[in-house]
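Structural overview
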Amino acid sequence: MDEVLTGLLRPKGIAIIGASTKPGKIGHTVVKNLVESGYEGGIYPVNPSADVILGLKAYKSVLDIPDHVDAATITVPAKYVLDVTKECGEKGIKGLIVITSGFAEVGDTELEKELVRVAHEYGMRILGPNVVGTLSNSDKLNASFAPFLPLNGSASLVSQSGALLIAIDAITYTRHIGFDKLVSIGNMSDVNFGDMVSWLNEDENTKCISLYIEGLKDGRRFIEESAKVSKPIVVLKAGVSEHGAVAAASHTGSLAGAHKIYGAAFQQAGVIEATDLSDLFDCTLALSLEPPMKGENVLILTNGGGVGVLATDSAEQAGVPLKFAPESVQAELKKHMPSFGSAKNPVDLTGMAGNDWYHDTTKFSFSNDWVDGLVVLYCETAMTDPMEIAQSIHKAVTETGITDKPVTVSFVGGERSDKAMQWLVENGIPAYNAPDLAVKAMGTLHEYAKLEMMKADVIDNNHDVDEKTAHEIIAKVRADKRTGLTEIESKKIFSAYGLPTVRTEIAKSEEEAVKLAEEISYPLVLKIVSPDILHKSDVGGVKVNIKDEAGVRETYHAILKNAREYKPDADIHGIVIQEMAPWGTETIIGSVNDSTFGATVMFGLGGIFVEVLKDVTFRVAPISEKEASLMLDGIRGARILDGTRGEAPRDKKALASVLAKYAFMVTDLADEISESDANPVLVYEEGKGVKIVDARIILKEN
């Protein structure tokens, strides 16, 4: 465990620099909160104008404190922060919680950089600036200006928004969902989300890590650190609208967006993504109390047909569609219900179900090998006591001794049901006030199990590549003061990385075009080659199905004419003579170098699917072939590759291999390539492979 971060987040002694004698001031509130939270370490107010604050001895400077101090909260104005940071460094303090604002969030990035530089010079870490502070139930520590410690629990939350963290602090009591730690991360000048998930993974009081993220400064490190974590991580990402960090020069650039790339990154990191703040709480509750659901079979027990139907509808949406229970399971369940009940799934115990029926069916179901996850629903009735039903469910689960499969509960009713659900949560079983939420919670536990399996996947980076050729081509393009590679140059780089491109040659005269046409054989495709004309087909720069010499000669001149009419000063390198690949299913692969995550890879079907429907998936590169296969299955039109309306299945194995190799290429050349795509990529019948027909690469600006 990082000792410096431990000193910052679980200090044995803490100084409050800027402590105040005046109620209402942040410096006063932090001291008050530390005292009232029952913090057992040393509390050292620092204020040059006070002798005592809230009954504690105050010090003129942090250097005057006689004892060892692990952390310091800083609340003085921004212009004084550097001076007190140096004093903290001289004192040997490990970390600073910089509550003070007035840094990068208001445009003063240089002051923030200098703050980090000075802190690192002394081996200190900085949380913030512009934070609320940190709260920890297990340490009785409220080093913040949030009003109180949160409801105690086994999750920990890190928030980029201070105001939201204060609100969550209060919500824990109304939602009855507890946290051990709440950490405000602010501007992330130093300590970031990657640091926090790594540290919380080793914190014995944290079972689930919850994050509120507005943006990541080092997205690739966040993925790497999160993928190492052995605990569930759930994140609520704000600001998921499209951003302008990508150009529109390639298809990929126009299709990429923050929400798509962030979503892909979270999936690769094994992170559950919440849809909203309420969902963040619901996911956190399930993940902090229950193990993952490793199998596919969910069984639902209920005393009401209506909530059973609602739960059934929700199950498919939650990714855990219901199956009828086996006959042997149904036969046992029928022993605990009237003849007009249903044992299929959902299991309707009917409104006559009391404590014993709930206990017996829960115990049998939870211990049955066919059941991988159990959802227990209850509608409040006049004949039953919700608290007794809750206790019966808990007793049944406990008696099985099973700890490696999950159970979730929903009670629908009034105040008595609310209290019963609160009791269940306090005793380790997640409970929700609507059946769909209990089912969605089970879906979350199932998704977590699948993500954990994917994290163990190994990426093959041992590809046979010709890096020398690729870098020679890039060097030549840069020497020509260009960023756009020609199709020929792009394809040569693709080929250097083992990607299957169609045979493509360049002719600089009509006679050379005819000669190359005879070598390659008909039918052919002819295209303009110019770094100034990227979208060739839009300007009549592409002609297909050329069948003879006369067609080559005529097309050669027609394409040159169209290009010159479109852009008279275009730098024309020649005309491409290309084999005309046989028909196959059109797909597209591409990449943008994202400002947060670096090289990414995109896949989609070609034609209308990409141009109009934008039916594409993204991943952060590199990826494994298994991850590539998931991308193929992740688009809405995935069934087309499986064969529809009499069509044979496409060669998905070869396509996944090409996608993985392409991802390796854009990762390996990430310092050079801004955007690229292969479009179309023709996919043939199973076993017959893939051909890249056109390729485009755009370099980063120097």
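Here is what the cut-offs are and how they apply
- Residues numbered from 1 in each chain as written.
- Predicted model: local features only at pLDDT ≥ 70, side-chain atom pairs only at ≥ 80, totals over all residues.
- Heavy atoms only, no water.
- Helix = DSSP H or I, 4+ residues; strand = E, 2+ residues; numbered from the N terminus.
- Buried < 20%, exposed > 50% of the residue type's maximum accessible area, 1.4 Å probe, protein only.
- Contact = heavy atoms within 4.5 Å.
- Areas by Shrake-Rupley, 256 points an atom, 1.4 Å probe, with all protein chains shown as cover.
- Lys, Arg positive; Asp, Glu negative; His and termini not counted.
- Charge placed at Lys NZ, Arg CZ, Asp CG, Glu CD.
- Pairing = 2+ DSSP bridges.
- Axes fitted to C-alpha atoms, helices over the stretch in contact; angles between N-to-C directions.
- Salt bridge = Lys/Arg side-chain N within 4 Å of Asp/Glu carboxyl O.
- Polar contact = N/O pair within 3.5 Å; in protein donor to acceptor, adjacent residues only side chain to side chain.
- Left-handed = near helix turned anticlockwise from the far one by under 90°.
- Nonpolar A, V, L, I, M, F, W, Y, C, P; charged D, E, K, R; others polar.
- Patch = residues over 30% accessible without salt bridge, like charges linked within 9 Å, V, L, I, M, F, W, Y side chains within 5 Å.
- 1 Å grid on protein atoms, 1.4 Å probe; cavity = no way out; pocket = protein on both sides within 12 Å on 5 of 7 lines; lining within 4 Å.
- Points joined across faces, edges and corners; volume = space filled by probe spheres on them.

The helix and strand tally for the chain stands at 24 helices and 29 strands. Projected onto the principal axes, the alpha-carbon positions of the chain cover approximately 95 × 80 × 40 Å. The 702 residues of the chain split such that 57% are buried. A separation of at least 24 residues holds for 71% of the contacts in the chain among residues at least 6 apart in sequence. Split by element, the accessible area of the chain, about 28,600 Å² in all, is 50% carbon and sulfur. For the chain, the separation between the mean place of its 70 positive charges and that of its 99 negative charges on side chains is 1 Å.

This paragraph deals with the sheet that holds strand β8 (residues 133-136). Strand order across the open sheet formed by seven strands is β9-β8-β11-β10-β12-β13-β14, with mixed pairing between neighbours. With one partner strand each, in any of the chains shown, β9 (141-144) and β14 (272-273) form the two edges of the open sheet. Across five bridges, the pairing between strand β10 (residues 155-159) and strand β11 (residues 179-184) is parallel. For A155, the partnering residue across the bridge sits in β11 and is F179. Each of β8, β10, β11 and β12 (208-213) is contacted by helix α5 (residues 162-175), which is oriented at about 165° to β11, the strand it contacts most. Lying over the sheet, helix α6 (residues 193-201) contacts β10, β11, β12 and β13 (233-237), oriented at roughly 165° with respect to β12.

This paragraph deals with the side chain of E290. The topology assignment puts E290 in the loop between α10 (277-289) and β15 (298-302). For the buried E290, no salt bridge exists, and the shortest N-O distance to an oppositely charged side chain is 9.7 Å, to K207. Here the side chain of E290 touches V407 through a polar contact of 3.0 Å, landing on its backbone nitrogen. Residues within four places of E290 in sequence aside, it is in contact with K405, P406, V407, G428, I429, P430 and L445.

Below, the discussion takes up the side chain of T587. Positionally, T587 belongs in strand β24 (residues 585-594). Discounting residues that sit within four places of it in the chain, T587 has contacts with F603, G604, L605, G606, L641, L655, A678, N679, P680, V681 and V683.

For the rest of this paragraph, the subject is the packing of α10 against helix α16 (residues 435-455). Put simply, α10 and α16 touch, their axes get as near as 9 Å, and they point 65° apart. Seen along the crossing, α10 lies across α16 with a hand that is right-handed. Facing D279, D282, C283, A286 and L287 of α10, the residues of α16 in contact are L437, K440, A441, T444, L445 and Y448. Partitioned by chemical class, the residues of the contact of α10 with α16 number seven nonpolar, one polar and three charged.

This next bit is on the sheet that holds strand β1 (residues 13-17). The five strands are arranged β2-β1-β5-β6-β7 in an open sheet whose pairing can be described as parallel. Single-partner strands in this sheet number two, and they are β2 (42-46) and β7 (125-127). Across the sheet, the mean angle from the axis of one strand to that of its neighbour is 20°, orientation sign disregarded. Where β1 and strand β5 (residues 71-74) come together, four bridges link them in parallel fashion. Looking at β5, one finds that I16 is bridged to T73. Relative to β1, helix α2 (residues 26-36) is tilted by about 160°, and along the sheet it contacts β1, β2 and β5. Across the sheet, helix α3 (residues 78-91) is in contact with β1, β5 and β6 (95-98); its angle to β5 comes to roughly 170°.

This next bit is on a nonpolar patch on the surface. Nonpolar side chains collect at one region of the surface, where I608, V612 and L613 lie side by side and expose about 290 Å² of accessible area between them. By relative accessible area, which is 56% here, V612 ends up exposed.

All chains considered together, the criterion is met by 47 salt bridges. In this structure, the salt-bridge partner of E40 is K140, at a minimum N-O distance of 2.9 Å. Taken together, the residues E40 in the loop between α2 and β2 and K140 in the loop between β8 and β9 connect sequence positions 100 residues apart. Here R696 ties to D677 by a salt bridge, and the two come within 3.2 Å at their closest N and O atoms. Taken together, the residues R696 in strand β29 (residues 695-699) and D677 in strand β27 (residues 673-683) connect sequence positions 19 residues apart.

Under the counting rule described, the total for this entry stands at four cavities of 30 Å³ or more. The space that makes up the largest cavity amounts to roughly 80 Å³. Every residue lining the largest cavity is listed: L485, T486, E487, I528, V529, S530, I533, L534, K536, A695 and R696. Of all elements in the fold, only β21 (524-529) and β29 reach the threshold of two or more residues within the lining of the largest cavity. Of the residues contributing to the lining of the largest cavity, the split by class is six nonpolar, two polar and three charged. Volume-wise, the second largest cavity comes out at about 60 Å³. For the second largest cavity, the full set of lining residues is M188, N192, F193, G194, L216, K217, D218, R221 and F222. Counting only elements with at least two residues in the lining of the second largest cavity, the list comes to α6 and α7 (219-228). Of the residues in the lining of the second largest cavity, the class split is four nonpolar, two polar and three charged.

Glancing now at helix α18 (residues 487-496). Burial analysis of α18 places eight of its ten residues in the buried class, which makes it a mostly covered element. When we look at burial in α18, the residues that qualify are E487, I488, E489, S490, K491, I493, F494 and A496. One or two residues past the end of α18 sits G498, with phi positive at roughly 75°.

Further remarks concern a negative patch on the surface. On the surface, a cluster of negative charge is contributed by D464, D466, E467, E472 and D668. Tracing the backbone shows E472 in helix α17 (residues 467-479). We classify E472 as partly exposed; its relative accessible area is 47%.

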